[in-house]
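Working through the structure, step by step
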Amino acid sequence: MMKSGKISPEWRLDFGSKASSVGNESDRKILSTVIEENSASTIKRLCKHWKMFVVIIVPISAMLMLSSFSLSRASEIRQSTSTAIESINYSLKISDLVKHIQRERGMSTSFIWASNFSSSILDQLHVLRQETNTSLWNVNWPGVGISIQNTQWSVDDLMFSLNRHRQDVDIRSIDIVYNLDYYTTLTNALLKYISQSLTPPDNAAVQMLIVASGALLSMTDDRGIQRALGTTFFTSCGWPSKDIETNYKSLQGRSSAFLDTAMYHDRKIEIQLTEHKQSSANLSNFINAHDSFQLFMEYENICSSTSLPEREAYSIEWFSNMTVFIDIFFEIRESINKEIRSGLKELQSIAQFEFTLFLSTLIVALSLSGILSTWYMYCIATLTGNLSKYASKVKRKSDELAQEKKKTDNLLYQMLPKKIANILKTGNTSDAEHFNEVTIYFSDIVGFTTIGVQSQPLDIVNLLNDLYSLFDECIDKYDVYKVETIGDAYMVASGVPTHNGGKHAPEIASMALRIRQEVNGYTIPHLPGRALQIRIGVHSGPCVAGVVGTKMPRYCLFGDTVNTASRMESSGMGGRIHISCVTQALLNDHGNFVTEFRGIIDVKGKGPMATYWLERLKIEEPVKVVSMFL
């Protein structure tokens with residue numbers, strides 16, 4: 001079958017289509033990426049760059065959290081101060097009730113201990129009972145009641161209990177110990193309720209005032225019991241029993257401790273107490289235990305010579321003086337409570353101001369955060385969009401540059417071995433290298449000079465281009481390196497620039513057989529009917545290889561092996577493969593090639609040499625050949 005050496009229009013179209021399709025496919029991928037990036041929603045683009053939002057989200061979140069915390073804290077302080085004010089006002093009403101119960105306790109004790117019925121003491125007692133009732137009804141009693149003797153008592157329960165106890169007092173069917181225990185149980189329950197219901201604010205100064213007020217209230221209760229016990233001393237000319245005297249003395253010590261506690265937490269109490277001492281000469285008799293006991297001892301000396309009405313008068317006077325003394329501490333406690341209320345109102349005012357301030361700050365912060373976040377998102381969206389477009393453009397240019405670099409590298413690898421080219425690309429120099437054994441192939445066209453005379457220059461160029469393209473396609477399937485082409489000469493080597501052991505001769509031989517097969521029957525396109533023949537020469541041996549030149553560097557082979565291979569080609573015959581005895585010996589070692597002894601011939605520059613024709617492979621190796629001329 002005759003094969004045409006001219007590249008057919010269909011082949012040119014296919015080659016162009018493949019190149020175009022590769023380029024278009026790459027462009028389509030890049031364009032698809034660009035379109036996908038640009039068509040993506042703003043939200044999706046922003047989500048890809050979520051880390052950029054951390055820059056503004058973190059400080060904004062911190063600012064909002066700080067503002068919210070401050071607002072919550074101000075709200076808590078405002079609420080706690082309001083609750084504290086309410087609890088203080090409520091405790092004052094209960095404290096007033098405690099004061100009246102204490103007075104009723106003292107007078108009822110004096111009435112019970114009086115040896116005879118005393119209308120003056122009873123009249124005083126009725127007045128005090130009425131004041132107790134009024135104070136009781138003025139208290140905003142809690143809905144669940146107050147725990148007294150492990151039972152929740154309402155106002156009606158307490159009033160009923162008081163009226164029943166008062167009846168027992170009027171008929172004097174109970175003793176003073178029982179009477180004291182009854183009223184003391186009530187006052188202790190009320191004092192406990194005050195301490196439990198009181199809600200101190202988060203302010204150290206106010207808390208100290210509250211402690212001082214509570215200590216004074218406890219002190220007045222103990223003094224109230226002393227007032228009741230003292231009345232019995234004056235009506236009976238002495239203590240009714242040793243236990244009562246001991247109880248009085250213990251109460252004296254405990255009340256003094258409460259007073260010291262109150263003065264420790266509020267230094268103004270001592271100043272106020274000093275002022276009251278200066279205005280009342282008898283006040284020290286009730287403050288100092290020594291003065292109080294001295295008063296009792298002086299009274300015992302004159303008690304036996306006094307009448308009952310005089311004793312009652314002394315008792316009422318003691319009760320009145322003790323009441324004045326206790327009222328002084330109630331007055332001091334009232335001033336402390338006023339100071340507490342004033343401090344709480346000031347705290348409440350500050351808390352209200354801070355609440356308003358932090359609320360306004362939070363609103364402003366939220367507004368600014370919304371504006372800044374929206375603006376920042378817009379800026380990021382714009383920036384990411386521009387970056388996306390720029391990145392797409394850069395990617396496209398980078399891909400184009402990579403394609404061009406790949407083409408340049410391919411062209412460079414055609415001019416120089418890849419190994420050598422990579423060394424030169426790094427800026428280093430490639431030193432010449434000696435190879436102990438390589439196989440070199442030379443081929444040329446038989447009668448090329450005559451063909452050149454009969455052809456136009458363009459026809460010669462097209463012929464050589466088609467022929468060398470065919471050769472290039474063939475050698476790609478073998479471990480060989482195309483050294484150069486000069487005119488119609490085609491030079492190939494194996495075992496250089498990369499050593500391949502003993503494979504160089506079989507690789508060149510297989511390649512030569514394939515090239516001969518492809519060229520067999522090839523007709524010259526512009527000379528119809530004229531077949532093209534090539535001569536092939538092969539020789540094996542040592543050589544030196546290296547890069548020569550700087551303007552257009554070439555990888556060249558030097559040595560006698562190159563000259564001998566060239567002589568094998570020039571002394572050969574068209575359509576045949578002329579090999580040296582050295583190459584033939586290497587092929588025999590391989591065992592898969594059929595050679596024919598040509599004889600002893602005189603080789604120019606070498607003298608007589610035994611040479612051989614390479615005929616064929618013993619066993620055809622299945623090589624997939626895609627011919628461009630099919």
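Our subject in this report is the structure included herewith. The model shown is predicted, which means the values in this text are computed figures rather than measured ones. (Residues numbered from 1 in each chain as written. Predicted model: local features only at pLDDT ≥ 70, side-chain atom pairs only at ≥ 80, totals over all residues. Heavy atoms only, no water.)

Along the backbone of the protein there are 18 helices and 12 strands. Buried residues in the protein amount to 43% of all 630 residues. The contacts of the protein with a sequence gap of at least 6 include a subset with a gap of at least 24, amounting to 75%. If you sum the accessible surface of the protein, you get close to 33,000 Å²; carbon and sulfur atoms cover 57% of it. (Helix = DSSP H or I, 4+ residues; strand = E, 2+ residues; numbered from the N terminus. Buried < 20%, exposed > 50% of the residue type's maximum accessible area, 1.4 Å probe, protein only. Contact = heavy atoms within 4.5 Å. Areas by Shrake-Rupley, 256 points an atom, 1.4 Å probe, with all protein chains shown as cover.)

Further remarks concern the packing of helix H5 (residues 155-170) against helix H6 (residues 176-197). As a packed pair, H5 and H6 sit with axes 12 Å apart at the nearest point and diverge in direction by 165°. What the angle tells us is that H5 and H6 run roughly antiparallel. As for how H5 packs across H6, the hand of that crossing is left-handed. On H6, the residues that touch Leu158, Ser161, Leu162, His165, Arg166 and Val169 of H5 are Tyr178, Asn179, Tyr182, Tyr183 and Leu186. A breakdown of the residues in the contact of H5 with H6 according to their chemical character gives 7 nonpolar, 3 polar and 1 charged. (Axes fitted to C-alpha atoms, helices over the stretch in contact; angles between N-to-C directions. Parallel < 35°, antiparallel > 145°, perpendicular 65-115°, else oblique. Left-handed = near helix turned anticlockwise from the far one by under 90°. Nonpolar A, V, L, I, M, F, W, Y, C, P; charged D, E, K, R; others polar.)

With that settled, consider the environment of histidine 434. Tracing the backbone through its elements, the reader meets histidine 434 in strand E4 (residues 433-445). The class for histidine 434 is partly exposed, based on a relative accessible area of 47%. Separated by 63 residues in the primary sequence, histidine 434 and proline 497 have C-alpha atoms spaced 9.7 Å apart. Residues in contact with histidine 434, not counting those within four places in the same chain, are Pro542, Cys543 and Val544.

Turning to a nonpolar patch on the surface, a few remarks are in order. Side chains of Val364, Leu368, Ile371, Leu372 and Trp375 sit close together on the surface and give an oily, nonpolar patch of about 500 Å² of accessible area. Relative to the helices and strands, leucine 368 is located in helix H12 (residues 308-415). Accessibility expressed as a relative area gives 43% for leucine 368, which makes it partly exposed. (Patch = residues over 30% accessible without salt bridge, like charges linked within 9 Å, V, L, I, M, F, W, Y side chains within 5 Å. Salt bridge = Lys/Arg side-chain N within 4 Å of Asp/Glu carboxyl O.)

With that settled, consider the nonpolar core. In terms of nonpolar packing, the biggest core is built from 78 residues, with Trp141 and Leu216 touching the most fellow members. In terms of residue count, the dominant contributor to this core is H12 (14 residues). (Core = buried A, V, L, I, M, F, W, Y, C linked by side-chain atoms within 4.5 Å.)

Here the focus is the side chain of threonine 109. When you line up the elements, threonine 109 lands in helix H3 (residues 50-113). Owing to a relative accessible area of 0%, threonine 109 belongs among the buried residues under this scheme. Only 2.7 Å separates the side chain of threonine 109 from the backbone oxygen of arginine 105, close enough to count as a polar contact. Leave out the neighbours within four places in its chain, and threonine 109 touches Ile176, Asn179, Leu180, Ala228, Thr231 and Thr232. (Polar contact = N/O pair within 3.5 Å; in protein donor to acceptor, adjacent residues only side chain to side chain.)

Both strand E11 (residues 593-603) and strand E12 (residues 607-617) contribute to a ladder of 10 bridges, which runs antiparallel. Bridge assignment links threonine 595 to a residue of E12, and that residue is leucine 614. Hairpin geometry of E11 and E12 is characterised by an intervening segment of 3 residues between the two adjacent antiparallel strands and by a positive phi of about 80° at glycine 605. (Pairing = 2+ DSSP bridges.)

Time to look at the environment of glycine 574. Tracing the backbone shows glycine 574 in the loop between helix H17 (560-570) and strand E10 (577-580). When the C-alpha atoms of glycine 574 and isoleucine 445 are compared, they prove to be 8.0 Å apart, with 129 residues separating the residues in sequence. In this structure, glycine 574 is in contact with Val446, Gln533, Ile534 and Arg535, ignoring residues within four places of it in sequence.

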